[in-house]
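Next come the chains, spelled out residue by residue.
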Amino acid sequence: MHAFVPYMMKTRSYSSFLTRILLINLPHIALSNIAVAGSANLDTFLPIHRLPQPGENLTLLPDTYPLTDVPGGKGCNQAIACRKLSRQKCAFLGRIGSDDGGDIIARVLQEHDVNVDHLQKCRDLPTGRGYVFLEKDTGKVSAVVSGGSNLYGWGDFQESAEEHVHELLQELLELKSHVDVDNVSLMKHCLLLQREVPEFVNLMLAKCAKKQNIIVLQDTGGEDRGISREMLSYCDYIMPNLTELQRLVRSLDDTKDNDNTFQQPLDPTNLTRIIELAKKLQENGANHVLVTMGEHGSLLVQSNGRVIFQQACDLEQDMYVVDETGAGDCFRAAFAVALSERKIEGDCTLQDDEKTTSIRECMKFASAAGALAVTKQGAVPSIPSREEVHALLAKQKDDAFHRVCDIPRGGRDDSEEYYEFPYMFGSRLNSMKDRPELWPAPLNDVREWVKRQGTIRGLGCVDFNYPQHFTSWSSAEAKLALEEVGLVAGAVCLRYPTKFARGAMNHPDETMRREAIEMTKDAARTARELGCNEVVIWSAYDGYDYPFQVNYREKWNQLVKAFQECCDAFPDIKWSLEFKPTDENTRFFTVPSTGAALLLVKEIDRPNMGLTLDVGHMLMAGENPGQSISMVGDKLFGIQLNDGYTRLAAEDGMMFGSIHPTMALEIMYQLQQIHFSGHLYFDTFPQRSDPVREAEYNIESVKKFYKAAKLLTDKGSIKQIMDEHDAIAAMKLVNEVLKAAY
């Protein structure tokens, strides 16, 4: 049992602490509307060129020295950030040691006008310490933290937790009659938690706060540990970064083989996968999940299924990344401040779109604060003022600052089925030329095609053909056009022009092969400019027509080397080969099947090289699409959905599931089994049909097949059926789930 003394004034109970700083607003008394409970450390910064390898010793960079005794810790950082960014007071609940470090932290908090009445000293424990490895070239940081009083100074809190809960409720009931109700209704009270203190502290505080309608925000940074379903249920906002998101989901996964799902770092551009993991937290009790992705922005999955993406804030030209230490703390504190000042939660006077706008403004404010925090060294010194944040926001371009992707998550409708669907939809842009009499303007320009696609209910992205779709405008103009209709770029699809009729990467002339490779790289540059990270290559001309016409091994090796060059030149781009067995331009393609395509990917041997499978192409090759998808597994970067009659060399481009519904069901089932994380693209040819209505029908059909596939898994009997090769039982189950889904 450790001895405690309050840093200032007399000791109060924790329930009184919550009541006094959060819930009452007595006339003429300036009280806090944000409380921060968490850690306080003194940090030592070590400037290095890179992190050491196991067993390796490194020295600091030349002419540098450690920067010592810098106040930090997630709780301390966020308390000061809340005070600097807010019009209201902020109170801090924490533990410091009875040493000089504790005095430094308390003094800094007081200098920033943070209420420290419940910052307690632990007489026989040291103050927490952080040792931060700062890579000077990039500003990236890694740290080792010695918890000290932050971890071991809460014994009294644990022993009397139930008493504190009871006292809190009693005091609220007695004092509620003295509250200025009109004033209280104008603000939201927030409790901001982190994970550098014991979990029982957070759990008790969250439980008390939840009962009193205080908004609980849980920063999941700190100690590397899982989180309980009980804790998730008490939090209004769970706020992980990408690493923490994976860790939390893994800790809640009850299956024995869950580690295989999380071997690779989470790709910040793979919004579908990020949303999927956020929804897994919600399945385990979480409400709103706000994921921070550094320079890639932030993403909020709300409890009603709506998804909001906020792009990272652009710094001014004379600002540079110096130190990322406190950027996440600053972002979360700023979000809490903005949330406390806006009427959002439970306000029945606001419509859903107004609430979305309000929450988006909170994310904007947080984005600007987090961006400014990387421009100075040290977590506390880098915290910007409220005025600095507003100044940076004022200089942002609205058309480049935010994207709301509640539309791409499978449609604009608000049905329950919509919220359960994890994929973004795209559809063939060239099909917008069909049935021109149904569109009020001439359809002779790609701009009009994009506008027409913007009317498709449920569409989320556009895949552009390169270079054909960029002859009359720039990628910047295309991106702006997408934003105007609420869409985003899904991928850039390379379509080599007819000058490569003798081959692109397989052309017999080395100069032409080089031109084709450079054009392929240009497609990647365009993808970057559009804000997507995938390039799909289908060459109409890489192949042959007659026996003995080409050297097969030579043509194969040319493709391997060309793709290796592209992958290495653009490691942030996912390169995807779309095979086709035959075509009127090329009777035999160099890569004519899924098996051949997999062999090619294996020889290319690059992590950013994969495949896009087209259902019509697989049918032309005599393949079962479900089996092909299963074979490709995590190398499946894209899928193009359609249907056809499977006549020899025919690509019909029919509506998905219209000819082979059982095949369509198995496609969706296998996509679920391999945890496919790309978007769904409709490669159909609606020459005689309304292309808008056709795309909407495809979207509706896919959702039903997806739902049926989920039912197939939920039934539990599918594994036994497959184990026993029971075809009759399989067909009965297929009929059952299709009937239920439709």
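Participant: Mind showing me how you'd approach the overall build of the protein chain here?
Facilitator: Helix and strand content of the protein chain: 27 helices and 25 strands. Looking at the protein chain as a whole, 57% of its 742 residues qualify as buried. When contacts within the protein chain are restricted to residue pairs at least 6 apart in sequence, those whose partners lie at least 24 apart make up 74%. Entry remark: accessible area of the protein chain is about 32,000 Å², with carbon and sulfur atoms responsible for 50%.

Participant: Just to check I follow, could you spell out helix α20 (residues 552–569) for this structure?
Facilitator: Given 3.6 residues to a turn, an α-helix orients residues that are three or four positions apart in the same direction. With 18 residues, α20 should reach 26 Å at 1.5 Å per residue; the first-to-last C-alpha distance of 26 Å fits that figure. Taken together, the buried positions of α20 are K555, W556, Q558, L559, V560, A562, F563, Q564, C566 and C567. Packing partners of the buried residues in α20 comprise α19 (510–530), β19 (534–537), β21 (574–578), α21 (594–604) and β23 (609–614). One side-chain oxygen of the residue at the start of α20 lies 3.2 Å from the amide nitrogen of R553, identifying that residue as N551.

Participant: Would you mind showing me how to read empty space enclosed by the protein here?
Facilitator: Leftover empty space is mapped by rolling, across the atoms, a probe with the size of a water molecule. One pass over the full model with this rule turns up three cavities of 30 Å³ or more. Lining the largest cavity are 16 residues, with S539, D542, L577, E578 and V591 positioned closest to its centre. Considered class by class, the residues forming the lining of the largest cavity number 11 nonpolar, two polar and three charged. Lining the second largest cavity we find D463, A491, E534, V536, T612, F637, G638, I639, Q640, H679 and Y681. Sorting the residues of the lining of the second largest cavity by element identifies β19 and β24 (636–641) as the ones contributing at least two each. Here the residues of the lining of the second largest cavity sort into five nonpolar, four polar and two charged.

Participant: Could you clarify how one ought to interpret the sheet that holds strand β8 (residues 141–146) in this entry?
Facilitator: As summarised here, the arrangement of the four strands in space is β4-β3-β7-β8, forming an open sheet in which the pairing is mixed. Edge strands, defined here as strands with exactly one partner in the open sheet, are β4 (67–72) and β8. Pairs of neighbouring strands in the sheet enclose a mean axial angle of 30 degrees, with direction left out of account. Note that strand β3 (residues 41–48) and β4 share four bridges and pair antiparallel. Looking at β4, one finds that D43 is bridged to V70.

Participant: Would you mind showing me how to read the environment of M424 here?
Facilitator: On the secondary structure map, M424 appears in the loop between α16 (416–420) and β16 (425–427). Owing to a relative accessible area of 12%, M424 belongs among the buried residues under this scheme. It is 7.8 Å that separates the C-alpha atoms of M424 and G678, two residues lying 254 residues apart in sequence.

Participant: What should I look at first to understand the side chain of Q218 in this one?
Facilitator: In this structure, Q218 sits in strand β10 (residues 215–222). By relative accessible area, Q218 is classed as buried at 0%. Side-chain polar atoms of Q218 contact the backbone oxygen of L193, separated by 3.5 Å. With near-sequence residues (within four places) excluded, Q218 lies in contact with L193, Q194, R195, N202, M231, C235, Y237, I238 and M239.

Participant: When you look at the nonpolar core in this model, what are you seeing that I'm missing?
Facilitator: The nonpolar side chains of soluble globular proteins are, as a tendency, buried together. Membership of the largest hydrophobic core comes to 102 residues, with the highest contact counts inside it found for F464, W575, M668, L671 and L680. The element contributing the most residues to this core is helix α25 (residues 691–715), with nine residues. When neighbours within four sequence positions are excluded, L680 is seen to be in contact with F421, Y423, M424, F425, G426, I639, L641, M668, L671 and V702. Counting 55 residues, the second largest nonpolar core, distinct from the first, contains I80, F92, C190 and C330.

Participant: Would you explain the state of the cysteines in this entry?
Facilitator: Each disulfide consists of one covalent bond between the sulfur atoms belonging to two cysteines. Applying the stated rule across the entire model yields zero disulfides. C90 provides the cysteine sulfur closest to C82, a residue in no disulfide bond, and the two sulfurs are 4.7 Å apart. For C82, a relative accessible area of 0% translates into the label buried.

Participant: Is there a simple way to think about the pattern of salt bridges in this case?
Facilitator: Think of it this way: side chains of opposite charge can pair up when their charged atoms draw near. Enumeration according to the criterion identifies 35 salt bridges in this entry. A salt bridge links D572 to R528, with the nearest nitrogen and oxygen atoms 2.7 Å apart. Of this pair, D572 sits in the loop between α20 and β21 while R528 sits in helix α19, and the two are 44 residues apart along the sequence. D723 serves as the salt-bridge partner of K719, at 3.0 Å between the closest nitrogen and oxygen. Here K719 and its partner D723 are both found in helix α26 (residues 718–723), four residues apart, which amounts to about one turn of the helix.

Participant: Explanation requested: helix α10 (residues 242–252) in the structure shown.
Facilitator: The element α10 is extensively covered by neighbouring structure, given that eight of its 11 residues are classed as buried. Burial in α10 covers these residues: L242, E244, L245, Q246, R247, L248, V249 and L252.

Participant: Could you clarify how one ought to interpret unusual backbone geometry in this entry?
Facilitator: Glycine aside, residues mostly have negative phi, and peptide bonds are mostly found in the trans state. Cis geometry is found at the peptide bond from Y466 to P467, where omega equals 5 degrees. Along the polypeptide, P467 turns up in the loop between β17 (461–466) and α18 (475–484). Although it is not a glycine, F548 adopts a positive phi angle of roughly 65 degrees. Relative to the elements of secondary structure, F548 occurs in the loop between β20 (543–544) and α20. Its relative accessible area of 83% is what places F548 among the exposed residues.

Participant: Can you help me understand the confidence of the model for the protein chain in this one?
Facilitator: Close inspection of predicted coordinates is inappropriate in any region flagged by low pLDDT. Residues at a pLDDT of 70 or more form 85% of the protein chain, whose mean pLDDT is 84. Within the model, the stretch residues 8–17 combines pLDDT values under 50 with 29 contacts to residues more than four positions away or in other chains. Here residues 19–31 is modelled with pLDDT under 50, and outside its nearest four sequence neighbours on either side it reaches 41 contacts, counting other chains as well.

Participant: Can you help me understand the environment of E230 in this one?
Facilitator: With respect to the helices and strands, the residue E230 is situated in helix α9 (residues 229–234). On the basis of relative accessibility, which here comes to 35%, the residue E230 falls in the partly exposed class. In the structure, E230 is positioned 54 residues away from N284 in sequence and 8.9 Å away in space, judged by C-alpha atoms. Those residues in contact with E230, other than ones at most four positions away along the chain, are L203 and K207.

Participant: I tried to follow the packing of aromatic side chains on my own but got confused; where do I start?
Facilitator: Any two aromatic rings considered together are summarised by their centre-to-centre distance and by the angle between their planes. According to the stated counting rule, one finds 15 aromatic pairs in the structure shown. Measuring from ring centre to ring centre gives 5.0 Å for F421 and Y706, while their planes differ by 70 degrees; the resulting arrangement is edge-to-face. In this pair, F421 sits in the loop between α16 and β16 while Y706 sits in helix α25, placing the two residues 285 residues apart along the sequence. This pair shows no difference in class: F421 is buried, exactly as Y706 is. The interplanar angle of 55 degrees and the centroid separation of 5.4 Å between the aromatic rings of F464 and F470 together place this pair among those described as tilted. The class for F464 is buried, based on a relative accessible area of 0%.

Conventions used here
Residues numbered from 1 in each chain as written. Predicted model: local features only at pLDDT ≥ 70, side-chain atom pairs only at ≥ 80, totals over all residues. Heavy atoms only, no water. Helix = DSSP H or I, 4+ residues; strand = E, 2+ residues; numbered from the N terminus. Buried < 20%, exposed > 50% of the residue type's maximum accessible area, 1.4 Å probe, protein only. Contact = heavy atoms within 4.5 Å. Areas by Shrake-Rupley, 256 points an atom, 1.4 Å probe, with all protein chains shown as cover. Expected span 1.5 Å × (residues − 1). Polar contact = N/O pair within 3.5 Å; in protein donor to acceptor, adjacent residues only side chain to side chain. 1 Å grid on protein atoms, 1.4 Å probe; cavity = no way out; pocket = protein on both sides within 12 Å on 5 of 7 lines; lining within 4 Å. Points joined across faces, edges and corners; volume = space filled by probe spheres on them. Nonpolar A, V, L, I, M, F, W, Y, C, P; charged D, E, K, R; others polar. Pairing = 2+ DSSP bridges. Axes fitted to C-alpha atoms, helices over the stretch in contact; angles between N-to-C directions. Core = buried A, V, L, I, M, F, W, Y, C linked by side-chain atoms within 4.5 Å. Disulfide = S-S within 2.5 Å. Salt bridge = Lys/Arg side-chain N within 4 Å of Asp/Glu carboxyl O. pLDDT = per-residue confidence, 0-100. Phe/Tyr/Trp six-rings, centres within 6.5 Å; stacked < 30°, edge-to-face > 60°.

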